[in-house]
2 protein chains.
Amino acid sequence: MEEGAAPQLIGLDWGTSSLRAFLMREGQVLETRQAGDGIQRLAGGDAAAFERAFAAISGDWLGRWPRLPVVACGMVGSAQGWREVPYAKSPADAQAIARQATTLTTASGTHVLIAPGVLHQGAHGAPDVMRGEETQVVGALQRDGAWSRAACLVMPGTHSKWVQVRSGRIEALATHMTGELFALLRTHSILGRLIPADAARPDDAPPSPGFARGVDAARQDHGELLHTLFSARTLALTQQLPKEQIADYLSGLLIGSELVSALAQSPPDVPLVLVGEPALCLRYGQALEALQRGAAATLGNTAPDRLWALARAAGLAVG
Amino acid sequence: MEEGAAPQLIGLDWGTSSLRAFLMREGQVLETRQAGDGIQRLAGGDAAAFERAFAAISGDWLGRWPRLPVVACGMVGSAQGWREVPYAKSPADAQAIARQATTLTTASGTHVLIAPGVLHQGAHGAPDVMRGEETQVVGALQRDGAWSRAACLVMPGTHSKWVQVRSGRIEALATHMTGELFALLRTHSILGRLIPADAARPDDAPPSPGFARGVDAARQDHGELLHTLFSARTLALTQQLPKEQIADYLSGLLIGSELVSALAQSPPDVPLVLVGEPALCLRYGQALEALQRGAAATLGNTAPDRLWALARAAGLAVG
């Protein structure tokens, strides 16, 4: 790396199932690293486990540039994370979120600024929360000013988040445990036993026809998910679904179930913006079309933009 | 055991998560044994794994009475079981089920008669299947002739079965993956992480108030299970649900979701009969009351009755 291109920030997107680190300068990503050390793997250990994961992914960066500021967002700030950071409460804009961030100091003296999540308490029912996705929302809103006025952001993942934005503020959110349930069923359930060991992982490939069949089953399902899930088994047992397509059928069934129920709770007249990994957004886009509802746009993960903005808003010396 | 009380049959109730063996004489159970060797633990191995589990639970019985006939029902006859036995097709009565049973011979020369399951193919949608519960249905119908005319049997478990009976025949069935999903979420999900290690297991104790709250959440849920599940986490994180009650809340939410959706698909005018483990039937009974629908009766597991009847119907010399 050239002398003149010294980095100014380490940004960490530290979620339930993975840790991504961005070495940044002037808002641009110089280098990206990814590890499997999501908080679900580290939780239950003590802070030392998080320090080790942090050192493993960025220790050499800090060895070379010891005074580099570090900002982190995601589940790392949860009760199961490295340090619990209280939530900002909805309605919340970018400034309200930055004000709520907290700094911890590692055993080796590095300061890490951890973003808060957002908590939404609706008029009735249980509260809902997110950590990490709020940084994606603000990053996404910077792309198109019209979305700040009114948009519904859908962020597929381990825990999919549906975020209603109005007047630049996060006004409501709902979590769907779609990705986690898919992984549980695929890995640990009797449905997973029928899936050939060499079947392509749905996240890595365009879906097979089983995906559309799963979406269709969700569309016809009347809130009977616990029952309909079993059809992944019975269709395969009766040779009506190739075993290579079971995982995609299950993926379509779960994503379809999320979409059918979440769309019923969302205002019909605001643009729907998908934010996330391309292969997963492709699946959500296909399922939305099958449900006669298109996405206004599909964006990649905008966490680096927002981590940069968070560092500036918090007054860190990043130029 | 007295000389005159020599047993006449070994009955095996061999399901997804457990194996129960009954030593029987004249329709009565002389001794019951239970092991954790459900097919989910043994599947993926070869037949030898099933032989070892069979020998472990009944080897001494067969050592003493080598010519004792053995009948088995449950997932042991599935594609992941010891030997796949083709399903009897609905509508099916007791005789049709007995005709479909298959005999295997172990390496040591013991004959084991394995019951078929029942397959139901509705007018539209995916087929549904059961293995083992069909023996409970027929056993239950022997208790009250009125149920043979028309009843809805609800058998809670790893995979809950809803069986519609009319004119002595199994006419329809629907599976709900409630128990398996509860175990997956409790053991492997982020929801389970919040549950104290020493919290009472729901199956072993009367439910805490969290159970009724979970049922109520399911009642108000509009087919949004993937979303509502997350409330087990957010209610606990915000101190609105004691951590000791999370497991019961989750249990109530899943059982409630099963009941709400299955009742919507069942005829309202037939008696509802609960068949299964008392602690689990207690939960289903409480949830049914919360939904303004009572059970006509609650029965224990009637598998021994039916295993006996199956052995006789198959012409085995059991007196």
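Everything below is about the structure shown above.
Residues numbered from 1 in each chain as written. Chains lettered and ligands numbered in written order. Predicted model: local features only at pLDDT ≥ 70, side-chain atom pairs only at ≥ 80, totals over all residues. Heavy atoms only, no water.

## A closer look at the side chain of Glu 258 of chain B
When you line up the elements, Glu 258 of chain B lands in helix α11 (residues 246–264). No salt bridge is formed by the buried Glu 258 of chain B. Its closest oppositely charged neighbour is Lys 161 of chain B, at 10 Å. Here Tyr 284 of chain B takes part through its side chain, which lies 2.6 Å from a polar atom of the side chain of Glu 258 of chain B. Once you skip the residues sitting within four places of it in the chain, Glu 258 of chain B turns out to touch Leu 226 of chain A together with Val 154, Ser 160, Trp 162, His 176, Thr 178 and Tyr 284 of chain B. (Helix = DSSP H or I, 4+ residues; strand = E, 2+ residues; numbered from the N terminus. Buried < 20%, exposed > 50% of the residue type's maximum accessible area, 1.4 Å probe, protein only. Lys, Arg positive; Asp, Glu negative; His and termini not counted. Salt bridge = Lys/Arg side-chain N within 4 Å of Asp/Glu carboxyl O. Polar contact = N/O pair within 3.5 Å; in protein donor to acceptor, adjacent residues only side chain to side chain. Contact = heavy atoms within 4.5 Å.)

## Here's the deal with the layout of surface pockets
All names here are of chain B. The calculated volume of the second largest pocket comes to roughly 1300 Å³. Taken together, 49 residues make up the lining of the second largest pocket; nearest its centre are Ser 17, Pro 156, Gly 157, Thr 158 and His 159. For the lining of the second largest pocket, the secondary structure elements donating two or more residues are β9 (128–130), α4 (133–141), α6 (178–188), α11 and α12 (278–290). Per-element accounting of the lining of the second largest pocket gives the leading share, nine residues, to α6. A class-by-class count of the residues in the lining of the second largest pocket yields 17 nonpolar, 20 polar and 12 charged. (1 Å grid on protein atoms, 1.4 Å probe; cavity = no way out; pocket = protein on both sides within 12 Å on 5 of 7 lines; lining within 4 Å. Points joined across faces, edges and corners; volume = space filled by probe spheres on them. Nonpolar A, V, L, I, M, F, W, Y, C, P; charged D, E, K, R; others polar.)

## What about the sheet that holds strand β5 (residues 88–89) of chain A?
Residue and element names in this part refer to chain A. Taken in spatial order, the three strands line up as β5-β8-β9 in an open sheet, and their pairing is mixed. For this open sheet the edge positions go to β5 and β9 (128–130), each flanked by a neighbour on one side alone. Here strand β8 (residues 118–120) runs beside β9; their pairing, made up of three bridges, is antiparallel. Paired with Val 118 across the strands is Met 130, a residue of β9. (Pairing = 2+ DSSP bridges.)

## Some points on the sheet that holds strand β3 (residues 28–35) of chain B
Residue and element names in this part refer to chain B. One open sheet accounts for six strands, arranged β3-β2-β1-β4-β7-β6; its pairing is mixed. With partners counted over all chains shown, the strands left at the sheet margins are β3 and β6 (102–105), one partner each. Across the sheet, the mean angle from the axis of one strand to that of its neighbour is 25°, orientation sign disregarded. Helix α13 (residues 303–313) rests against β1 (9–14), β2 (19–25), β3, β4 (70–73) and β7 (111–114) of the sheet, and its axis sits at about 125° to β1. (Axes fitted to C-alpha atoms, helices over the stretch in contact; angles between N-to-C directions.)

## So, the relation of the copies chain A and chain B
Take chain A, turn it by 180°, move it 0.0 Å along the axis, and it overlays chain B with an RMSD of 0.0 Å. Such values leave the two copies arranged in the relation of a two-fold axis. Relative to the rotation axis, the C-alpha of Gly 223 of chain A is the closest in chain A, positioned 1.9 Å from it. Same-surface contact between copies: 100% of interface residues of chain A are shared with the interface of chain B. (Least-squares fit on C-alpha atoms with pLDDT ≥ 70 in both.)

## What about helix α7 (residues 209–220) of chain A?
Residue and element names in this part refer to chain A. The end-to-end C-alpha separation of α7 is 17 Å, in line with the 16 Å expected for 12 residues at 1.5 Å each. Gly 210, Phe 211, Gly 214, Val 215, Ala 217 and Ala 218 are the residues of α7 that are buried. Summarising the axial view, the buried residues of α7 lie within an arc of 160°, below the 170-degree limit, and thus occupy one face. With respect to the buried face of α7, the exposed residues turned more than 90 degrees away are Pro 209 and Ala 212. (Expected span 1.5 Å × (residues − 1). Arc of directions from axis to C-beta.)

## Some remarks on the side chain of Arg 293 of chain A
All names here are of chain A. Checked against the element boundaries, Arg 293 lands in the loop between α11 (278–290) and β14 (297–299). Among buried Asp, Glu, Lys and Arg side chains, Arg 293 stands out as unpaired, with Asp 269 the closest opposite charge at 7.0 Å. Contact partners of Arg 293, with chain neighbours within four places excluded, come to Leu 263, Pro 267, Pro 268, Val 270, Leu 272 and Leu 288.

## Things to note about the pairing of strand β10 (residues 150–155) of chain B
Residue and element names in this part refer to chain B. Of all six residues that make up β10, six are buried, and the element is covered over most of its length. Taking every second residue as pointing to the same face, both faces of β10 are buried, with Ala 150, Cys 152 and Val 154 on one and Ala 151, Leu 153 and Met 155 on the other. One ladder, built from six bridges, connects β10 with strand β11 (residues 160–166); its direction is antiparallel. Residue pairing for β11: Leu 153 is matched across the bridge by Val 163.

## Some details on the interface of chain A and chain B
On the side of chain B, 52 residues touch chain A, which itself brings 52 residues to the contact. Sorting the residues of chain A by area buried against chain B places Met 177, Leu 226 and Phe 230 of chain A first, and these three jointly supply 17% of that buried surface. Taken together, the links from chain A to chain B amount to zero salt bridges. When contributions to the side of chain A that touches chain B are tallied by element, the ones reaching two or more residues are β9, β12 (169–176), α6 (178–188), α8 (225–228), α9 (231–237) and α10 (246–265) of chain A. Tallied by class, the residues present in the side of chain A that touches chain B amount to 24 nonpolar, 21 polar and seven charged. (Buried area = accessible area lost by both parts, 1.4 Å probe.)

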